Amino acid sequence: MLPLLLATSATAVLSYVVLYRLYFHPLARYPGPWIGRATDWYTVYHSLKGDRYVDFVALHARYGDIVRYGPNRLSFSTVDALQAVYGTRANTKKSYWYDTMTFYMQTASTHATTNKVQHARKRRILAQALSDRMLHVYEDGFMKLLDGFVRRYEKPAAVTENGWSAVFDMEHEFMLLNFDSMGDFCFGESFGSLQNPSKADMIENSLEAFRGLNAIGHMPGLSWLQLDALASKVSRAIKEYEAYAAKLANKCVEKFGQKIHNKEQLSCVFDILYATSSQPGVEGFTFQELVSESSLLVTTGTDTTSGALANALFNLLNNPETMSRLTREIRDTFSDISEIRVGKPLNDCKYLAACIDETHRLTSIVGGCLMREVLPGGITIDGHFIPRGVDVGVPYHVIMRSSKYHAAPWEYRPQRWLHSETSAEEIRVARSAYCAFGLGPTGCVGKTWAMMEMKLTLAQLLFRVLELSHIQNHSISEVHGIDKDPDEWIRATPIFGLAYDFCLKLSGSVAYRRRVDSKVGL
Ligand code: HEM
């Protein structure tokens, strides 16, 4: 009798919750899939499946500019929403989703800090270490790694008789390069994964494990139900990584004293953060915060930049004319590989910048919808008042491929960003919907460095390598799961799904023929 009573009560409560959410909730008038309006299991399912970036495209195509995809969640697809949700004056804060990071880390990094005051404090310090004028400090370390990276394909063993190299998984190759470069950038020493790829296992394990953490972020109840075993791998991977980062940080502190004593230049982000934090009157980072900040920079900076490079290569390989034009620009601008450095000639490569912008637009590395919680006082988006407490966001793959803002939005057309080929008005409209690096006070603080790494890597690669070709053929519809003629999107190889919301990586297995002439000194 008791079990029956309990089952009946549970069913009654559940029915009440579902009916309330569907018909009486303050967001009840907004359209969306009924299962999503009723429960966050909808989002958990898609997070675990890793297809939220595709799902948002389908949801907005079906329901319009506003979609209720969770009981308390709204997704928007307009420029007005971008500003209202993420802009400088947005009355929002990072949502609960970011707090899940602190389940497993001792101290929240800037990225994981949801308190606006604390976030602003950390961000001010971080911005000093990553400002434009610091680029030259980090440049030498990166150039050395990049040289080793490009040369690695020049070893005789990598080349077959007909001049083609062995096949490389370029997404993985870029990951090793960027992992090492972030080690150098953050702690002043490369992780050495280009020489020994197993050194990158730590980061690869943690990425796959983020799948569970991501799901919990969308439904905190999962952790109350002790289902965070889903993320136990995250916990292990992050602990292992934190211990490693703490070791590196201690080493940096030791070296810092010597550098000051010998009047040497401070050369890594940790040094700059440590120096800034030690200034009198500055509410700087504690040692624990320094470790957390630098180690988290490594993960935020590795996966994003390497993924974006992989996506750039994917788009170029699938658009041979664009590849030729870009290669011409690089080779007309530089007459020797040693000239490809940070500076004006590289910045003057307008087509290179356009190819990178177009890569971010069409194949944004940010997969899902970065959530913000509406603060007291609410916000108004496109004339709709959204009350406090609601989670709001704009999915990148929707807004950056919207025909409202971009002509032929599914085509890779770098010229859409060039004033010589596109009207100022079209560019203004497209820019207003461009958000690859986020916007406002929580936008990417590493953007300048990331863009520089991408420009240098692509320029060096296209300067040195004669020809690149995809080896394995998979259609883009396999990658994106969208209804698109595969012939338009030839030869893509999905390498990495979408374990974490923050990641869409394409590219694939690539072989190359190297350029053999005096200019590249081979
Ligand atoms: C192509 C490469 C990159 C892309 C597309 C990218 C994109 C983004 C985006 C969209 C955000 C906002 C995330 C959010 O709101 O949750 C972000 C934040 C951030 N990015 Fe990047 N990023 C890239 C590379 C980098 C690099 C190289 C670094 C480090 C040097 C970096 C450090 C950060 C940090 C620390 C934040 C958090 C900022 C804050 O909360 O104030 N990113 N990035």
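This is a predicted model, so every value here is computed, not measured.

K.L.:
Would you take a moment to explain helix 8 (residues 135-151) for this structure?
P.N.:
Residues that lie three or four places apart on an α-helix share one face, since the helix turns once every 3.6 residues. Between its terminal C-alpha atoms helix 8 stretches 24 Å, which fits the 24 Å expected from 17 residues at 1.5 Å a residue. The largest bend along helix 8 measures about 30° and falls at glycine 141. Residues of helix 8 that are buried: Leu135, Val137, Tyr138, Glu139, Phe142, Met143, Leu145, Leu146, Phe149 and Val150. Contact partners of the buried residues in helix 8: helix 7 (116-129), helix 9 (170-187), helix 13 (269-277) and helix 20 (447-464).

K.L.:
I'm lost on the coordination of the iron atom of the ligand in this one. Help?
P.N.:
Four donors placed tetrahedrally around a metal ideally meet at 109.5 degrees, and six donors placed octahedrally ideally meet at 90 or 180 degrees. Protein coordination of the iron atom of the ligand is limited to a single donor, Cys444 (SG), which sits 2.3 Å from the metal. Positionally, cysteine 444 belongs in the loop between helix 19 (424-432) and helix 20.

K.L.:
Sorry, what's going on with the environment of lysine 255 here?
P.N.:
Residue placement: lysine 255 occurs in helix 12 (residues 232-261). Sequence separation between lysine 255 and aspartate 382 is 127 residues, and the spatial gap between their C-alpha atoms is 54 Å.

K.L.:
I tried to follow the sheet that holds strand 3 (residues 92-94) on my own but got confused; where do I start?
P.N.:
The strands that make up a sheet pair up through hydrogen bonds in the backbone, lying either parallel or antiparallel. Read across the sheet, five strands follow the order 1-2-8-5-3 without closing on themselves; strand pairing throughout is mixed. Of all strands in the sheet, those with a lone pairing partner are strand 1 (66-70) and strand 3, marking the two edges. Strand-to-strand twist of the sheet, defined as the mean angle between neighbouring strand axes without regard to direction, takes the value 35°.

K.L.:
How should I be thinking about the environment of tyrosine 20 in this particular structure?
P.N.:
If you trace the backbone, tyrosine 20 turns up in helix 1 (residues 2-24). Look past the residues within four positions of tyrosine 20 in its chain and what remains in contact with it is His25 and Pro26.

K.L.:
Looking at this model, I keep getting lost on the pattern of salt bridges. Mind explaining?
P.N.:
Note on pairing: side chains with opposite charge can pair once their charged atoms come close. For the structure on display, the rule yields 16 salt bridges. When the shortest N-O distance is used, the salt bridge between glutamate 189 and lysine 255 registers 4.0 Å. Of this pair, glutamate 189 sits in the loop between helix 9 and helix 10 (201-218) while lysine 255 is found in helix 12, placing the two residues 66 residues apart along the sequence. When the shortest N-O distance is used, the salt bridge between glutamate 425 and arginine 428 registers 2.8 Å. With glutamate 425 and arginine 428 both in helix 19 and three residues apart, the pair spans about one turn of that helix. Looking at glutamate 425, the relative accessible area reads 46%, which means it is partly exposed. Judged by its relative accessible area of 48%, arginine 428 falls in the partly exposed class. Residues joined in a network through salt bridges with shared partners are Asp40, Arg73 and Asp391.

Procedures and definitions
Residues numbered from 1 in each chain as written. Predicted model: local features only at pLDDT ≥ 70, side-chain atom pairs only at ≥ 80, totals over all residues. Heavy atoms only, no water. Helix = DSSP H or I, 4+ residues; strand = E, 2+ residues; numbered from the N terminus. Expected span 1.5 Å × (residues − 1). Bend = angle between axes of the 7 residues up to and from the residue. Buried < 20%, exposed > 50% of the residue type's maximum accessible area, 1.4 Å probe, protein only. Contact = heavy atoms within 4.5 Å. Donors = N, O, S within 2.8 Å, 3.2 Å for Na, K, Ca; no water. Pairing = 2+ DSSP bridges. Axes fitted to C-alpha atoms, helices over the stretch in contact; angles between N-to-C directions. Salt bridge = Lys/Arg side-chain N within 4 Å of Asp/Glu carboxyl O.

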